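Geometric and topological summary
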Amino acid sequence: MVRIPAHDGHPPDASTWRSVLLVQADEAGPERYRPPMSAIDDRLDRIRRARRRLDEAGPRVTRGEGDFARVAVPMHDGDALRDLLRAERARIVIEIGLGYAASALAISEALADRSDGATQHLVIDAFQDRFHDAGWRELTAAGLDDSCTLLRERSQTALARLAADGFVADAAFVDGGHAFHDVFVDLAFLRQIVRPGGLVILDDCQWLSVATAVRYFEVNAGWSPEATRGDTRLRAYRLPDPRVEPSFEAFEPFGVADSSEPGS
Ligand SMILES: C[S@@+](CC[C@H](N)C(=O)[O-])C[C@H]1O[C@@H](n2cnc3c(N)ncnc32)[C@H](O)[C@@H]1O
């Protein structure tokens, strides 16, 4: 089984980091590893229980009253994320923004469902320590530190390195820094990292900063909106296959109308 060695991100030693960089989607071929069905069922059961526990009882530690509800991806949006990745038959998923791990557990559920090959889940979070490691604790409590790797680093630099080293993912989930420039840079590198025809899923497109960043890729880079469940706030985009290299001469302005403005 090809896998990025698990670590808690404090910080990755040279061999771990090198392994992270060397993982290629096509190295984790489905024929290489087939866990027994009973192990898959046990794992799925454990993840589902962890998701339910987190939703009902909240995280083991929080930054403060109400923070979990404010920050974490709600359960039904986590279900939508899981269903998108399941339908995608994704094996290698890159996630930005661990927070309380509500989304990470949903991604883990989608990956655990794959009975036909190796999977990998790479999470990038620069400020997990400010969450008292809440998300990482949820993942380790669910026994997922064998399949999830946490990089404690700004995604804008981690993704640049992963792209330079040819890391390939089937899909990405973006819920990290919400400033326009952070989201835009994340998406610019994910355009290189996510395979042609793969999926980029975002939370929080109700924020103009996030919606405007992704709009560039829709208008200028051939990303097409993918249908999602009607009840989710998540948005998904299908990357073109083959990858297109937009010409600066064909650049289209890409603003998003602010629907909160009077008269708009
Ligand atoms: C909204 S929370 C993510 C919530 C998570 N999806 C969940 O369901 O619990 C945003 C996360 O992004 C991280 N973050 C913010 N800016 C970042 C950056 N520039 N690079 C990496 N991580 C960042 C924060 O530490 C935080 O954990």
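Residues numbered from 1 in each chain as written. Predicted model: local features only at pLDDT ≥ 70, side-chain atom pairs only at ≥ 80, totals over all residues.

Side note on the nonpolar core
Our working rule: Core membership is restricted to buried Ala, Val, Leu, Ile, Met, Phe, Trp, Tyr and Cys residues, and these are joined into a nonpolar core through C-beta atoms within 7 Å. Each residue is classified by how many other C-beta atoms fall within 10 Å of its C-beta atom, where C-beta atoms are placed from the backbone; a count of 20 or more means buried, 12 or fewer means exposed, and values in between mean partly exposed. We count a stretch as a helix when DSSP gives it H or I for four or more residues in a row; a strand needs E for two or more, and each element gets its number in order from the N terminus. Any residue pair is listed as a contact if its two C-beta atoms, each placed from the backbone, are within 7 Å.
Ranked by size, the top nonpolar core spans 68 residues in total, and within it Leu-81, Val-93, Ala-169, Ala-172, Ile-193, Val-200 and Ile-201 carry the most contacts. Counting residues per element, this core draws most heavily on helix α5 (residues 102-112), at eight residues. Setting aside chain neighbours within four positions, we find Ala-172 in contact with Val-93, Ile-94, Leu-190, Val-194 and Val-200.

A few points about the site of the ligand
For clarity, the threshold we go by: Being near a molecule or strand means, for a residue, that its backbone-placed C-beta atom lies within 6 Å of it. Each residue is assigned to one class: nonpolar for Ala, Val, Leu, Ile, Met, Phe, Trp, Tyr, Cys and Pro, charged for Asp, Glu, Lys and Arg, and polar for all the others, Gly among them.
Around the ligand there are 25 residues in total, and Gly-97, Gly-99, Ala-102, Phe-127 and Gly-177 lie nearest to it. Within the residue set of the shell around the ligand, elements represented by two or more residues are α5 and α7 (155-164). Within the shell around the ligand, the residues separate by chemical class into 12 nonpolar, nine polar and four charged.

Topic: the pairing of strand β5 (residues 194-202)
Remember that side chains alternate between the two faces of the sheet whenever the strand is regular. Rule in force here: Pairing between two strands requires that DSSP report at least two bridges joining them. With the strands pointing away from the viewer, any crossover whose connection runs clockwise from the first strand over the helix to the second is right-handed.
Bridge count between strand β4 (residues 169-174) and β5: five bridges; the pairing is parallel. Paired with Ala-172 across the bridge in β5 is Val-200. Crossover connection from β4 via helix α8 (residues 180-193) to parallel β5: handedness right-handed. As paired strands, β5 and strand β7 (residues 235-238) are joined by four bridges and run antiparallel to one another. Along β7, the bridge assignment pairs Leu-202 with Arg-235.

Section: the sheet that holds strand β6 (residues 224-226)
Heads up, the rule is: In this analysis, axes come from line fits to C-alpha atoms, helices being fitted only over the stretch in contact, and the angle between any two N-to-C directions falls in the range 0 to 180 degrees.
If you walk across this open sheet you meet the seven strands as β3-β2-β1-β4-β5-β7-β6, and the pairing is mixed. A strand with exactly one partner marks an edge of an open sheet, and here the two such strands are β3 (148-151) and β6. With strand direction ignored, the average angle separating the axes of adjacent strands in the sheet is 25 degrees. Packed onto the sheet, helix α9 (residues 208-220) meets β5, β6 and β7 and runs at close to 20 degrees relative to β7.

Thoughts on the confidence of the model for the protein
Let me state the cut-off plainly: Confidence scores per residue from the predictor, reported as pLDDT, run from 0 to 100.
With 85% of its residues at a pLDDT of at least 70, the protein reaches an overall mean of 88. Low pLDDT (under 50) marks residues 11-19, which in the prediction has nine contacts with non-local residues, meaning those over four places away or in another chain. Low confidence marks residues 21-26, where pLDDT is under 50. Its contacts with residues over four positions away, or in another chain, come to 15 contacts.

Re α9
Rules: The length a helix should cover is 1.5 Å for every residue beyond the first.
Between the first and last C-alpha of α9 there are 18 Å, a value that for 13 residues agrees with the 18 Å anticipated at 1.5 Å per step. Where α9 is concerned, the buried positions are Val-210, Ala-211, Ala-213, Val-214, Tyr-216 and Phe-217. Elements that come into contact with the buried residues of α9 comprise α8, β5 and β7. Backbone geometry just after α9 places Gly-222 at a positive phi near 75 degrees.

Digging into the packing of helix α4 (residues 75-88) against α5
Inclusion rule: Less than a right angle of anticlockwise turn of the near helix away from the far helix marks a crossing as left-handed, whereas a clockwise turn marks it as right-handed.
Between α4 and α5, whose axes approach to 8 Å, the crossing angle comes to 35 degrees. Read as a crossing pair, α4 and α5 show a hand that is right-handed. Here Gly-78, Asp-79, Leu-81, Arg-82, Leu-85 and Arg-86 of α4 come into contact with α5, specifically with Ala-102, Ser-103, Ala-106, Ile-107, Glu-109 and Ala-110. Per-class residue counts for the contact of α4 with α5 are six nonpolar, two polar and four charged.

Considering the packing of α8 against α9
Going by this rule: Every angle not falling under 35 degrees, over 145, or within 65 to 115 is termed oblique; those three ranges are roughly parallel, roughly antiparallel and roughly perpendicular.
Axis separation between α8 and α9 bottoms out at 8 Å; the angle between their running directions is 30 degrees. As summarised for this structure, α8 and α9 are arranged roughly parallel, according to the angle between their axes. Crossing geometry of α8 relative to α9 is assigned as right-handed. From α8, Phe-180, Val-183, Phe-184, Leu-187 and Arg-191 reach across to α9, where they touch Ser-209, Val-210, Thr-212, Ala-213, Val-214, Tyr-216 and Phe-217. Broken down by class, the residue content of the contact of α8 with α9 amounts to nine nonpolar, two polar and one charged.

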